[in-house]
Amino acid sequence: METSKLKPITILGAGSWGTALALTLARKGQVVRLWSYEISEIAAMLAERTNNQFLPGFDFPDTIHPTANLTEALKDIDDVLIAVPSVGFRETLIMLKESITPQIRIICATKGLDEDTGQLLNEVVEEILGKNRKFAVISGPTFAREVAAGLPAAVVVASKDVTFIDDLSARFNTPAFRVYPSDDVTGVELGSVVKNVIAIATGISDGMELGSNARSALITRGLSEIIRLGLKLGGKLDTFIGLSGMGDLILTCSDNQSRNRRLGLAIGKGADIQKAEQEIGQVVEGKRNAELVAVLAEHHGVDMPICNAVWEVLQGKLSGRE
């Protein structure tokens, strides 16, 4: 498929990840509409032809069209990729519902759970946009800056619709950005959620200088927690030991580009949690989702001591050392 002849794709969410994916597609010659509800953000991107706020240093190709007009963004397209923080995912879908056409397919690049209900995001899409809406999730061990720089990376695209997976593979695949297919939507989503909580735990450990042994133990036992909860919810073991499970977990726990790890590092060094989050300057999904993961684990009777301890720390009920 000659990707330059594809219909435009709309990306909702002009943070670092949404922008990195826009750059990846635009460099293949695809027209990308990059939407944000923040008019000032869009105005700056239109004037500067880069995203200086969230992903500075990467000039926009001519095929990236920033816009704050949702109706304009959705005109004559087949695919919408959502890359907003999980806290805004439901609200974004509600806005979409007003003007989305039946043939438009949803790709989820958001990592998290629904803040109101604790649902997986595919369940929120089904609730708001209907059971027949074609849905896919894209996830894997990827830092936005490295993807934007064209460094090698691999992701998983999961959907129940084989044609959708094939279409997205054709859209995204490049020599440096490899797409692997999956039909395990639940597993791919869940791995991307829980790994953020484990990354806070490893950050706390490293902030306290507890050593490489402790970090490796936390990552390994954290993977066990992901697998226990994931299998209980219907995910597949192969998913959790693959790119969107173990791969994403290793990345997020071991590199300081991870906002979740950086929050943990600050906590481990004794910093105030709110101040540490403000200094990071972007959404820390693990902090938002730690409670939801703990509730989900309790509801399903799954033992997740690391995740539960992180939630206790974030509430101020435990110190990092405890």
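This text goes with the structure placed above it.
What comes next concerns the included structure. Residue indices follow the written sequence of each chain, beginning from 1 at its first position. Side-chain atom pairs in this predicted model are given and counted only at pLDDT of 80 or more, local residue features only at pLDDT of at least 70, and totals for whole chains, interfaces and linings cover all residues. The basis for the side-chain values is all heavy atoms of the structure; hydrogens and waters are excluded.

A look at the packing of helix α8 (residues 185-207) against helix α12 (residues 259-268)
Note the cut-off: To get an axis, fit a line to the C-alpha atoms, keeping to the stretch in contact for a helix; angles then go from 0 to 180 degrees between the N-to-C directions. Helix numbering and strand numbering both begin at the N terminus, where a helix is a DSSP run of H or I of at least 4 residues and a strand a DSSP run of E of at least 2. Crossing handedness is read from the near helix: turned anticlockwise from the far helix by less than a right angle, it gives a left-handed crossing, and turned clockwise, a right-handed one. By definition, residues are in contact when any of their heavy atoms lie within 4.5 Å. Just so you know the grouping, Ala, Val, Leu, Ile, Met, Phe, Trp, Tyr, Cys and Pro go in nonpolar, Asp, Glu, Lys and Arg go in charged, and all remaining residues, Gly too, go in polar.
As a packed pair, α8 and α12 sit with axes 6 Å apart at the nearest point and diverge in direction by 35°. α8 and α12 meet at a crossing whose hand is right-handed. Where α8 approaches α12, its residues Asn196, Ala199, Ile200, Thr202, Gly203, Ile204, Asp206 and Gly207 are matched on the opposing element by Asn260, Arg261, Leu263, Gly264, Leu265, Ile267 and Gly268. A breakdown of the residues in the contact of α8 with α12 according to their chemical character gives 6 nonpolar, 7 polar and 2 charged.

With respect to helix α9 (residues 212-232)
Helical geometry: 3.6 residues make up each α-helical turn, so side chains three or four residues apart lie on a common side. Here is the rule we go by: In a helix, the anticipated span is given by 1.5 Å times the number of residues less one.
Taking 1.5 Å per residue, 21 residues should reach 30 Å; α9 reaches 30 Å between its end C-alpha atoms and fits that length. Considering only its buried residues, α9 is in contact with α8, α10 (237-240), α11 (243-254), α14 (285-300) and α15 (305-315).

Digging into the nonpolar core
Note the threshold: In this text, buried Ala, Val, Leu, Ile, Met, Phe, Trp, Tyr and Cys residues form a nonpolar core when linked through side-chain atoms within 4.5 Å. Think of it in three bands: residues with accessible area under 20% of the maximum for their type are buried, residues over 50% are exposed, and the middle band is partly exposed, with areas taken using a 1.4 Å probe on protein chains only.
Counting 40 residues, the largest nonpolar core has Val194, Leu263, Ile267, Val293, Met304 and Leu314 as the members making the most contacts within it. Secondary structure elements with two or more residues in this core: α8, α9, α11, α12, α13 (273-280), α14 and α15. Considering each element in turn, this core owes the most residues, 9 residues, to α8. Excluding its chain neighbours within four sequence positions, the residues that come into contact with valine 194 are Ile226, Leu229, Val293, Met304 and Cys307. Core analysis: the next-biggest nonpolar cluster, separate from the first, contains 35 residues, Met45, Ala153, Val157 and Phe177 among them.

Some points on a nonpolar patch on the surface
To be explicit about the condition: Residues qualify for a patch when their relative accessible area is over 30% and they have no salt bridge, like charges being joined within 9 Å and the nonpolar side chains of Val, Leu, Ile, Met, Phe, Trp and Tyr within 5 Å. For the accessible areas, the method is Shrake-Rupley and the probe is 1.4 Å, while residue cover comes only from the protein chains on display. Salt bridges are defined as contacts in which a side-chain nitrogen from Lys or Arg sits within 4 Å of a carboxyl oxygen from Asp or Glu.
Together, Leu231, Leu237, Ile241, Met246 and Ile250 give the surface a local cluster of nonpolar side chains, amounting to about 410 Å² of exposed area. Take leucine 237: it is sitting in helix α10.

Side note on the sheet that holds strand β7 (residues 153-159)
What counts, and what does not: Whether two strands pair comes down to DSSP finding at least two bridges between them.
Taken in spatial order, the 8 strands line up as β3-β2-β1-β4-β5-β6-β7-β8 in an open sheet, and their pairing is mixed. Strands at the two margins of the open sheet, each flanked by one partner only, are β3 (64-67) and β8 (177-182). When the angles between neighbouring strand axes are averaged without regard to direction, this sheet yields 25°. One ladder, built from 4 bridges, connects strand β1 (residues 9-12) with strand β2 (residues 32-35); its direction is parallel. Counted as the bridge partner of threonine 10 is arginine 33 from β2. Running at roughly 40° to strand β6 (residues 135-139), α8 makes contact with β6, β7 and β8 of the sheet.

Some words on α14
Stated formally: Take the seven residues that end at a residue and the seven that start at it, fit an axis to each, and the angle between those axes is the bend at that residue.
Between its terminal C-alpha atoms α14 stretches 22 Å, which fits the 22 Å expected from 16 residues at 1.5 Å a residue. Of all the bends in α14, the largest measures some 30° and sits at glutamate 291. Those residues of α14 that sit buried are Glu285, Gly286, Asn289, Ala290, Leu292, Val293, Ala294, Leu296 and Ala297. Looking one or two residues beyond α14, the residue adopting positive phi is glycine 301, at roughly 65°.

Section: unusual backbone geometry
The backbone phi angle of arginine 49 is positive, close to 55°, even though this residue is not glycine. For arginine 49, the position within the fold is in the loop between α2 (39-48) and β3. The exposure class assigned to arginine 49 is partly exposed, which follows from its relative accessible area of 25%. Despite not being glycine, aspartate 76 has its phi angle at roughly 55°, a positive value. Considering the arrangement of structural elements, one finds aspartate 76 in the loop between α3 (70-73) and β4 (79-82). Given the relative accessible area of 58%, aspartate 76 is considered exposed.

Here's the deal with the pairing of β8
Pairing between β7 and β8: 6 bridges, direction parallel. If you follow valine 156 over to β8, its bridge partner there is tyrosine 180.

Section: the pairing of β1
Put simply, the rule reads: Look down the strands so they point away from you; if the path from the first strand over the helix to the second goes clockwise, the crossover is right-handed.
Covered by surrounding structure in β1 are Ile9 and Ile11 together with Thr10 and Leu12, the residues of both alternating faces. Note on the crossover from β1 through helix α1 (residues 16-26) to β2: the handedness is right-handed. Pairing analysis gives 4 bridges linking β1 to β4, with the strands arranged parallel. Paired with threonine 10 across the strands is valine 80, a residue of β4.

Remarks on the pattern of salt bridges
In the structure shown here, the tally under the stated rule is 15 salt bridges. A salt bridge links aspartate 116 to arginine 90; its shortest N-O distance comes to 3.8 Å. Pair noted here: aspartate 116 is in the loop between β5 (105-108) and α5 (121-129) and arginine 90 is in helix α4 (residues 89-97), with a separation of 26 residues, a long-range link. According to the relative accessible area criterion, aspartate 116 is exposed, its value standing at 61%. Across the pair arginine 90 and glutamate 127 runs a salt bridge, and its minimum N-O distance is 2.9 Å. Remark: glutamate 127 occurs in helix α5 and arginine 90 occurs in helix α4; sequence separation between them is 37 residues. Of the residues examined, arginine 90 reaches a relative accessible area of 14% and is grouped as buried. Among the residues examined, glutamate 127 registers a relative accessible area of 47% and is labelled partly exposed. Salt bridges here are not isolated pairs; linked through shared partners, they connect Asp79, Arg105, Asp167 and Arg171.

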